[in-house]
Amino acid sequence: MLILRSASRHFLVPRGQLPQGACSHPISAQRCLWTVETGSAVTSPHEIRWPRVACRRQRTWPAQLAGLWSGSSDRRRFSLSAAGIVNSAPSAVQPYLRLMRLDKPIGTWLLYLPCTWSIGLAAGPGCLPDLAMLTLFGTGAVLMRGAGCTINDMWDRDFDRKVSRTADRPIACGDVSQFQALVFLGGQLTAALGVLLCLNYYSIALGAASLSLVVTYPLMKRITYWPQLMLGLTFNWGALLGWSAVTGSCDWSVCLPLYFSGVMWTLIYDTIYAHQDKADDVLVGVKSTALRFQQRTKPWLSGFSLAMLGGLVLAGVNAQQSLPYYAAVSVVAAHLANQIYTVDINKPDDCWKKFASNRNLGLLLFLGIVAGNLWKERDGAALEKMETPK
């Protein structure tokens, strides 16, 4: 099966339907990606004009590293970006890396950041967050995000084939079979279990409880217009787990408001994300908050933002946070206001840009938590000095 990309569409075309002489390179027995440069007016693969110079086969990884392609003078620089590293991997490995979305790390960041908030808040006054825990949770975020994406693509393979943005996902285009994906999923979950077993018993039980959310989330788009809510419950589990991993149990007066804020945050950014696919979602029959809210999206997002900010303030008060934390929450509020005011929900490129900017929002809040903990030490020292008898 070949994936043909036009300016606005993807076509899945059997190899036998590729016209003779369409490309100067022979079609190998291996699956490969062919890009056909066509106009946006093309609505069917049968309307494509097939000039010999229009088709280019995807480069192999040795050629990418060397910057060479079939002896031509065309050269390509090696990139340290996530997508560049994935493209430079062996061709047999690339489909699995894309199945994990390692070429698109924004989802991993959005899963990881609530963990960092919780780990940061659990640190003592004047202390930096536990670096070992941050590293462990970072590894877990990569593995669990990969596992979640694998499960999602296994459930959605038929839907993905009908949506232009997802038609070239490894399972949808046939680069990875269902059985191969299942085996790969088992490997990811086994590795994630290894990470979980490094934590205390309370956290092991708490982490295991999230697996049901990971498995069932992809089904929600078939059932309800609120799949983003289920994603929020799943993606922000680290707001509970991070604190318990550091302290041995959850302080619910801090963890629950933080978890609630994370869920509201997910409703904001994933609703914006869902507006990219709303036309395709209607065609294939899946649901989302983007379709539920439609032109009322911005008032809904404003409400979620207020709820998120209220939860962050409550978590900060209960964690006895200091001035830098509340300054960071104020910056987060400004960031959210800018996102909601400026996003054009009818332009997929702008929706993606606003969605991806949430990584910076999460990092800003984490830095505010760290600075707030260090400020506590300063306040404590000043108070102790005042109380010391002369």
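One can find the structure itself at the top, above this paragraph.
Predicted model, so just to flag it, every value in this text is computed and none were measured. (Residues numbered from 1 in each chain as written. Predicted model: local features only at pLDDT ≥ 70, side-chain atom pairs only at ≥ 80, totals over all residues. Heavy atoms only, no water.)

S.K.: Please explain the overall build of the chain as it appears in this structure.
M.R.: Within the chain, the secondary structure is distributed over 19 helices and four strands. Counting the 390 residues in the chain, one finds 49% classified as buried. Within the chain, contacts between residues at least 6 apart in sequence are counted, and of these 68% link residues at least 24 apart. Carbon and sulfur atoms make up 62% of the accessible area of the chain, which amounts to about 19100 Å² in all. (Helix = DSSP H or I, 4+ residues; strand = E, 2+ residues; numbered from the N terminus. Buried < 20%, exposed > 50% of the residue type's maximum accessible area, 1.4 Å probe, protein only. Contact = heavy atoms within 4.5 Å. Areas by Shrake-Rupley, 256 points an atom, 1.4 Å probe, with all protein chains shown as cover.)

S.K.: Could you clarify how one ought to interpret helix H4 (residues 106–122) in this entry?
M.R.: Turn by turn, an α-helix covers 3.6 residues, leaving residues three or four places apart pointing in a common direction. If you check H4, its first and last C-alpha atoms are 25 Å apart, about what 17 residues at 1.5 Å a residue would give, namely 24 Å. Residue Tyr112 marks the point of greatest curvature in H4, where the axis turns by about 25°; the proline Pro114 follows within four residues. Burial of H4 is extensive: 16 of the 17 residues sit out of reach of the surface. (Expected span 1.5 Å × (residues − 1). Bend = angle between axes of the 7 residues up to and from the residue.)

S.K.: Quick question: what am I supposed to make of the packing of helix H13 (residues 252–274) against helix H18 (residues 348–356) here?
M.R.: To characterise two packed helices, one gives the angle between the axes of the helices and the distance between these axes. At a closest axis distance of 8 Å, the pairing of H13 and H18 adopts a crossing angle of 160°. By the angle between their axes, H13 is roughly antiparallel relative to H18. By crossing handedness, the relation of H13 to H18 is classed as left-handed. For the pair formed by H13 and H18, the contact residues are Tyr269, Ile272 and Tyr273 on the first element and Cys351, Trp352, Lys354 and Phe355 on the second. (Axes fitted to C-alpha atoms, helices over the stretch in contact; angles between N-to-C directions. Parallel < 35°, antiparallel > 145°, perpendicular 65-115°, else oblique. Left-handed = near helix turned anticlockwise from the far one by under 90°.)

S.K.: I tried to follow the environment of Gly232 on my own but got confused; where do I start?
M.R.: As for its position among the elements, Gly232 is in helix H11 (residues 227–235). Sequence separation between Gly232 and Tyr217 is 15 residues; the distance between their C-alpha atoms is 9.7 Å. In contact with Gly232, other than residues within four places in its own chain, are Tyr259, Val263 and Thr266.

S.K.: What exactly am I supposed to notice about helix H8 (residues 201–208) here?
M.R.: For H8, every residue scored as buried is listed here: Ser203, Ile204, Leu206 and Gly207. Down the axis of H8, the smallest arc covering the buried residues is 170°, so these residues share one side. Of the surrounding secondary structure, the elements contacted by the buried residues of H8 are helix H7 (178–196), helix H9 (211–216) and helix H12 (238–247). (Arc of directions from axis to C-beta.)

S.K.: Could you clarify how one ought to interpret a nonpolar patch on the surface in this entry?
M.R.: Taken together, the side chains of Trp155, Leu211 and Val215 define a hydrophobic patch exposed on the protein surface, amounting to about 250 Å² of accessible area. With respect to the element layout, Leu211 can be found in helix H9. (Patch = residues over 30% accessible without salt bridge, like charges linked within 9 Å, V, L, I, M, F, W, Y side chains within 5 Å. Salt bridge = Lys/Arg side-chain N within 4 Å of Asp/Glu carboxyl O.)

S.K.: How do you make sense of the nonpolar core when you look at a structure like this?
M.R.: One recurring pattern in soluble globular proteins: nonpolar side chains tend to sit buried together. Counting 65 residues, the largest nonpolar core has Trp117, Leu121, Phe137, Trp265, Met308, Tyr325 and Leu365 as the members making the most contacts within it. For this core, the element with the most residues is H13, which contributes twelve residues. Ignoring any residue separated from it by four or fewer positions in sequence, one finds Tyr325 in contact with Leu121, Leu312, Val313, Ala315, Gly316, Leu365, Gly368, Ile369 and Gly372. Grouped together as the second largest cluster of nonpolar side chains are nine residues, Leu99, Ala147, Val176 and Leu185 included. (Core = buried A, V, L, I, M, F, W, Y, C linked by side-chain atoms within 4.5 Å.)

S.K.: How do you make sense of the pattern of salt bridges when you look at a structure like this?
M.R.: If you walk through the whole model with that rule in mind, you get seven salt bridges. One salt bridge connects Asp153 with Arg101, and the closest N-O pair in it is separated by 2.8 Å. Taken together, the residues Asp153 in helix H5 (residues 131–155) and Arg101 in the loop between helix H3 (94–99) and H4 connect sequence positions 52 residues apart. With a relative accessible area of 0%, Asp153 lands in the buried category. Asp158 is the salt-bridge partner of Arg161, the closest N and O atoms lying 3.1 Å from each other. Given the relative accessible area of 41%, Asp158 is considered partly exposed. It is possible to trace a salt-bridge network through shared partners that takes in Arg101, Asp153, Asp160 and Arg169.

S.K.: What should I look at first to understand the packing of aromatic side chains in this one?
M.R.: Ring pairs (aromatic) are described by centroid distance and by the angle formed between their planes. Within this structure, the stated rule accounts for 16 aromatic pairs. Relative to Phe304, the ring of Trp226 lies with its centre 6.5 Å away and its plane at 75°, an arrangement referred to as edge-to-face. Of the two residues, Trp226 sits in the loop between helix H10 (220–223) and H11 while Phe304 sits in helix H16 (residues 297–318), which places them 78 residues apart along the sequence. Given the relative accessible area of 8%, Phe304 is considered buried. Taken together, Trp117, Trp265, Tyr269, Tyr273, Trp352 and Phe355 form an aromatic cluster joined through their ring pairs. Stacked on the ring of Tyr225, the Lys or Arg Lys287 has its end atom at 5.7 Å from the ring centre. Seen from the ring of Trp109, Arg359 lies directly overhead, with NZ or CZ sitting 5.8 Å from the centre. (Phe/Tyr/Trp six-rings, centres within 6.5 Å; stacked < 30°, edge-to-face > 60°. Lys NZ or Arg CZ within 6 Å of the ring centre and 35° of its normal.)

Take it as geometry only, folks, not as evidence of what the structure does.
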